Amino acid sequence: MQHTSIPSPSSSSFTVGGFEVHYYALFILAGIIAALFVGSARMKRRGADGGLVLDIAIWAVPFGIIGGRIFHVLTHTADYFGDGKNILEVLYIWKGGLAIYGALIFGLIGAAIGARFANIRLMSFLDVIVPGVLLAQAIGRWGNYFNQELFGLPTTLPWGLEISMPNPAIPADMPYETLFLPTFLYEFIWNIVGFALLLLLDKRFDLRWGKLFAVYLMYYSLGRFWIEGLRMDPTDYFFGLRTNQWSAVIAALIGLGIFLYQRRNHTGVETSVYREGKEPATTPAE
């Protein structure tokens, strides 16, 4: 049988006009733009100004990046603290390391502030934006591919991923020809399928009042729990599970709780994304 594998990129960055540009940053930026584009279109279909998505994102995105970084550092303390470690690398976001659950927690705080200023219901905004968020997460995973990080356990599967050695996540005595599970690809596929699924469910069942956001939390966390268990990068463990597996369990339960609560307390049609009494005097042009 002919040997097959997925080669890793030879570089994680390129230079333009003397400036080093990291692919990781480009994919994060591309994901944010995609989420804004999808969110704006969905907001217009909900009868509001699509530009309000950007107004809220101006708050949510910086909060999310800061929270994602903090959560990543706290769950990978051995990478940043201890003998021989450069504590300043905590700030080197371009090298990778944004934890989605930290980004969600802090991003929600930013979104709540932005939604308040924009006179939009927070739950309505979350329903509008989550398909785009899942698309952004899918795009962002290609940044991990270029950084050769967050890969899975050794494998003999024909789609095994080649990783350049030495690598801090790989034991020094591991053979150079070892291939690894391409967990970045698994999550990319999971998120793309989820993006389409959220759009389909929203169209079919007209999910409102935060119910689509709840479905997002449950769907993403289910896949993340499985994929996280395949990963090889060092992290903290509690009762046999990786930190982000516990995060996935908690997020899924929160999603289930939100869905059941909103289904019981909001059975009617959500006619407006605006806060009560804050609707604009005129309807935005189509």
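Structure shown above.
All values reported here derive from a predicted model rather than from experimental measurement. (Residues numbered from 1 in each chain as written. Predicted model: local features only at pLDDT ≥ 70, side-chain atom pairs only at ≥ 80, totals over all residues. Heavy atoms only, no water.)

**Regarding the overall build of the protein**
- Scanning the protein for helices and strands turns up seven helices and seven strands.
- Overall, the protein shows an N-to-C arrangement of helices and strands of β-β-α-α-α-α-β-β-β-α-α-β-β-α.
- In terms of C-alpha radius of gyration, the protein reaches 20 Å, essentially the compact-globule figure of 19 Å for 286 residues.
- In terms of principal-axis extent, the alpha carbons of the protein reach across some 65 × 45 × 40 Å.
- The averaged location of the 21 negative side-chain charges in the protein is 11 Å from the averaged location of its 21 positive side-chain charges. (Helix = DSSP H or I, 4+ residues; strand = E, 2+ residues; numbered from the N terminus. Rg over C-alpha atoms; globule rule 2.2 N^0.38 Å. Lys, Arg positive; Asp, Glu negative; His and termini not counted. Charge placed at Lys NZ, Arg CZ, Asp CG, Glu CD.)

**So, the sheet that holds strand β3 (residues 154–155)**
- Here three strands make up an open sheet; going across it, the order is β3-β5-β4 and the pairing antiparallel. Of all the strands in the sheet, just β3 and β4 (161–162) have a single pairing partner and so form its edges.
- Here β3 runs beside strand β5 (residues 179–180); their pairing, made up of two bridges, is antiparallel. Bridging across to β5, T155 finds its partner in L179. (Pairing = 2+ DSSP bridges.)

**What about the packing of aromatic side chains?**
- Per the counting criterion, the structure on display carries 15 aromatic pairs.
- Ring centres 5.5 Å apart and planes at 85° place the aromatic pair W142 and Y145 in the edge-to-face group. Of this pair, W142 and Y145 both sit in helix α4 (residues 122–147), three residues apart, which is roughly one turn of that helix.
- In this structure, R204 is placed above the aromatic ring of F205, and the distance from its NZ or CZ to the ring centre is 4.9 Å. (Phe/Tyr/Trp six-rings, centres within 6.5 Å; stacked < 30°, edge-to-face > 60°. Lys NZ or Arg CZ within 6 Å of the ring centre and 35° of its normal.)

**Some details on the nonpolar core**
- Counting 37 residues, the largest nonpolar core has M43, Y101, I120, F125 and Y216 as its most contacted members.
- When residues of this core are traced back to their parent elements, those giving at least two are α2 (51–75), α3 (100–118), α4, α6 (211–228) and α7 (243–265).
- Here this core takes eight residues from α6, the largest share from any one element.
- When sequence neighbours within four positions are dropped, the list of residues in contact with Y216 reads I100, L104, V130, V133, L134, Q137, L198 and S221.
- In this structure, I6, L161, M165 and M232 belong to the second largest nonpolar core, which totals 13 residues. (Core = buried A, V, L, I, M, F, W, Y, C linked by side-chain atoms within 4.5 Å. Buried < 20%, exposed > 50% of the residue type's maximum accessible area, 1.4 Å probe, protein only. Contact = heavy atoms within 4.5 Å.)

**Here's the deal with the packing of helix α1 (residues 23–45) against α2**
- Viewed as axis vectors pointing N to C, α1 and α2 meet at an angle of 140°, and their least axial separation amounts to 8 Å. Here α1 is positioned oblique relative to α2, judged by the angle of their axes. Every pair of crossing elements has a handedness; the one defined by α1 and α2 is right-handed. Residues I32, L36, G39, S40 and M43 of α1 touch α2, and the partners they reach there are G51, V53, L54, A57 and V61.
- Considered class by class, the residues forming the contact of α1 with α2 number seven nonpolar, three polar and no charged. (Axes fitted to C-alpha atoms, helices over the stretch in contact; angles between N-to-C directions. Parallel < 35°, antiparallel > 145°, perpendicular 65-115°, else oblique. Left-handed = near helix turned anticlockwise from the far one by under 90°. Nonpolar A, V, L, I, M, F, W, Y, C, P; charged D, E, K, R; others polar.)

Distances and angles like these do not, on their own, reveal function.
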